[in-house]
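# Survey of secondary and tertiary structure
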Amino acid sequence: MPHSALKPVANTFSGVQSRVTGHVAPGFEPVVQAFAAPIQARAALGAACTIYHRGEKVVDLQGGWKEKSRTEGWDDRTAALVYSLTKGLTGMAAAVAVSRGLFSYDEPVADVWPEFAAHGKGRMTIGEALSEQGGLAAIDFKLTLDNMGDEEAICAAIAAQKPNWKPGEHSGNHAYSLGWIASELIHRRDPQGRRLGRFFAEEVAGPLGVDVFLGLPDTFNRDRLARIEGFHMQDLFIRHTTMPWPLTFAMCLPGTLAFRTLNNPLILEGPGALDCEEFWRIGQGGAGGIASSAGLAAIYQAFAEGGEKLGITPEVMDYLKRGHAHPKKGLRDEVLTADMYYSLGFEKPFDEWEFARTRSAFGSFAVGGSLAFADPDDEVAYAWITNTLGTGKWDDPREKIVRDAFYRCLETIA
């Protein structure tokens with residue numbers, strides 16, 4: 001049944017620290033309490049959540065603060081660095097490119113990018129590369145904030161590199177490299193020669209009119225940004241939650257695949273070090289997106305309703321819902337040391353992580369706990385983001401209580 005109009009949230013929570021604003025549709029009021037809980041408990045400095053169901057926005061909440069001084073509240077214009085939620089945005093841009101006929105998921109990367117064939121990578125398909133099966137998680141190019149915008153040099157290094165494993169046999173978190181691979185593919189086939197950031201702006205975010213950026217423009221008011229409260233490596237031990245212990249140790253041991261993938265260029269500074277003007281401008285396609293929760297949910301809503309607004313073909317939509325083939329040797333992530341199902345720039349539900357009610361869903365989670373996804377069969381688009389990075393893997397408890405409350409509401413109103 002259709003939802004009634006959104007109604008404003010009354011900020012009835014005790015204490016100024018738990019300020020929550022926004023709107024919910026009738027029947028979804030319990031989501032407000034769940035959303036406010038971690039802000040009341042000071043487990044999150046600030047957060048935002050936007051959810052669509054059956055084409056209608058049913059939740060749009062903001063709470064807490066944009067920065068540590070707690071002088072400016074998170075409001076409906078606030079955006080933030082969203083780390084690996086960026087991968088889903090890159091997956092969307094790639095889906096648009098495939099729908100436009102620039103390349104196909106089954107096409108070898110080397111057909112588009114001949115230099116990529118070095119060291120036995122010639123048969124790797126674009127679908128494998130975008131599904132993080134290509135063995136290019138850790139790249140040999142030494143990254144710095146000064147050179148991360150030099151896509152030509154980085155992509156040349158990626159093309160020349162020997163893969164970390166035999167492509168197609170395993171998968172592993174391509175923390176940064178996924179974005180550069182997708183960008184080079186688009187650049188080489190796009191008639192205008194656009195790279196990922198411009199292509200995304202003009203073909204995805206622009207047509208939908210949303211506050212989502214791969215490369216923050218000069219015209220964007222920086223005062224609208226929530227600043228990240230990060231963590232350092234020692235916090236992974238002191239505040240250990242759901243992150244696998246093997247990964248926690250591996251991230252701190254130079255030479256391991258996890259260290260080489262996740263600490264290039266962070267070293268031991270932690271992901272909060274990327275929340276700076278230099279990185280915002282780059283628009284790095286694996287971790288550099290800037291977005292509001294409303295913008296993220298609106299883009300995923302375009303996919304939840306079939307993708308027609310962006311010209312996504314039924315064949316591409318079916319592929320996103322079905323998912324790319326699993327790696328030959330199983331779902332164990334060679335970087336994160338736990339199972340994960342990567343598919344065409346997104347993550348998909350699987351036995352160990354059913355983040356949505358149907359297997360048609362696709363989205364991405366990020367370091368620190370944020371999550372955004374579309375579930376076309378269930379007609380849901382969801383985004384929860386925060387500026388306080390947690391130290392777990394997926395199902396951050398601050399986010400999961402919100403998602404669980406939403407799905408309980410769906411069960412009640414259905």
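To be clear, the structure that these remarks concern was listed above.
Here's what I pulled together on the structure shown here.

Reading the values: rules and limits
- Residues numbered from 1 in each chain as written.
- Predicted model: local features only at pLDDT ≥ 70, side-chain atom pairs only at ≥ 80, totals over all residues.
- Heavy atoms only, no water.
- Helix = DSSP H or I, 4+ residues; strand = E, 2+ residues; numbered from the N terminus.
- Buried < 20%, exposed > 50% of the residue type's maximum accessible area, 1.4 Å probe, protein only.
- Contact = heavy atoms within 4.5 Å.
- Axes fitted to C-alpha atoms, helices over the stretch in contact; angles between N-to-C directions.
- Parallel < 35°, antiparallel > 145°, perpendicular 65-115°, else oblique.
- Nonpolar A, V, L, I, M, F, W, Y, C, P; charged D, E, K, R; others polar.
- Pairing = 2+ DSSP bridges.
- Arc of directions from axis to C-beta.
- Polar contact = N/O pair within 3.5 Å; in protein donor to acceptor, adjacent residues only side chain to side chain.
- Core = buried A, V, L, I, M, F, W, Y, C linked by side-chain atoms within 4.5 Å.
- Phe/Tyr/Trp six-rings, centres within 6.5 Å; stacked < 30°, edge-to-face > 60°.
- Left-handed = near helix turned anticlockwise from the far one by under 90°.

## Details of the overall build of the chain
- Helices and strands together make up the secondary structure of the chain, namely 14 helices and twelve strands.
- Residues classed as buried in the chain amount to 62% of the 414 residues present.
- By sequence separation, contacts in the chain at least 24 residues apart represent 67% of the contacts at least 6 residues apart.

## Looking at the packing of helix α7 (residues 196-208) against helix α12 (residues 293-304)
- Orientation of α7 relative to α12, taken along the N-to-C sense of each, is 95 degrees, at an axis distance of 9 Å. Comparing their axes, α12 and α7 come out roughly perpendicular. Residues Phe200, Val204 and Leu208 of α7 pack against Ala298, Ile299 and Ala302 of α12.
- Taken together, the residues of the contact of α7 with α12 break down into six nonpolar, no polar and no charged.

## A closer look at the sheet that holds strand β6 (residues 212-213)
- Here three strands make up an open sheet; going across it, the order is β5-β7-β6 and the pairing antiparallel. Each edge of the open sheet carries a strand with a single partner, namely β5 (80-81) and β6.
- One ladder, built from two bridges, connects β5 with strand β7 (residues 290-291); its direction is antiparallel. By the bridge assignment for β7, Leu81 is matched with Ile290.

## Brief notes about helix α13 (residues 314-322)
- For α13, every residue scored as buried is listed here: Val316, Met317, Tyr319 and Leu320. Along α13, the residues classed as buried sweep out an arc of 160 degrees about the axis, all on the same side. Away from its buried face by more than 90 degrees, α13 exposes Pro314, Glu315 and Arg322.
- At its buried positions, α13 is contacted by α2 (85-99), α12, β9 (346-347) and β10 (362-365).
- Count one or two residues on from α13 and you reach Gly323, which has phi positive near 95 degrees.

## A look at the side chain of Ser364
- On the secondary structure map, Ser364 appears in strand β10.
- A distance of 3.3 Å separates the side chain of Ser364 from the backbone oxygen of Leu85, its partner in a polar contact.
- Apart from residues no more than four positions distant in its own chain, Ser364 is found in contact with Ser84, Leu85, Gly88, Tyr300, Glu347, Ser370, Leu371 and Ala372.

## Examining the nonpolar core
- If you look at the biggest cluster of nonpolar residues, it comprises 138 residues, and the most contacted ones within it are Phe28 and Phe303.
- Per-element accounting of this core gives the leading share, nine residues, to α2.

## Examining the packing of aromatic side chains
- If you walk through the whole model with that rule in mind, you get 15 aromatic pairs.
- Aromatic side chains Tyr105 and Tyr319 sit 5.0 Å apart centroid to centroid with 80 degrees between the ring planes, which places their arrangement in the edge-to-face category. Placement of the pair is Tyr105 in the loop between α2 and α3 (109-112) and Tyr319 in helix α13, with a sequence separation of 214 residues.
- For Tyr319, a relative accessible area of 13% puts it in the buried group.

## Quick word on the pairing of β10
- Both faces of β10 are covered, namely the face carrying Phe362 and Ser364 and the face carrying Gly363 and Phe365.
- As paired elements, β10 and strand β11 (residues 371-375) share four bridges and run antiparallel to each other. Residue pairing across strands places Ser364 opposite Ala372, the latter belonging to β11.
- Between β10 and the antiparallel strand that follows it, β11, lie five residues; Gly368 among them carries a positive phi value of about 100 degrees.

## Quick word on the packing of α2 against helix α6 (residues 177-189)
- At a minimum axis distance of 10 Å, the contact between α2 and α6 shows a crossing angle of 20 degrees. Overall, the two elements α2 and α6 adopt an arrangement that is roughly parallel. As for how α2 packs across α6, the hand of that crossing is left-handed. Residues Lys87, Thr90, Ala93 and Ala97 of α2 pack against Leu178, Gly179, Ala182 and Ile186 of α6.
- For the contact of α2 with α6, the residue count by class is five nonpolar, two polar and one charged.

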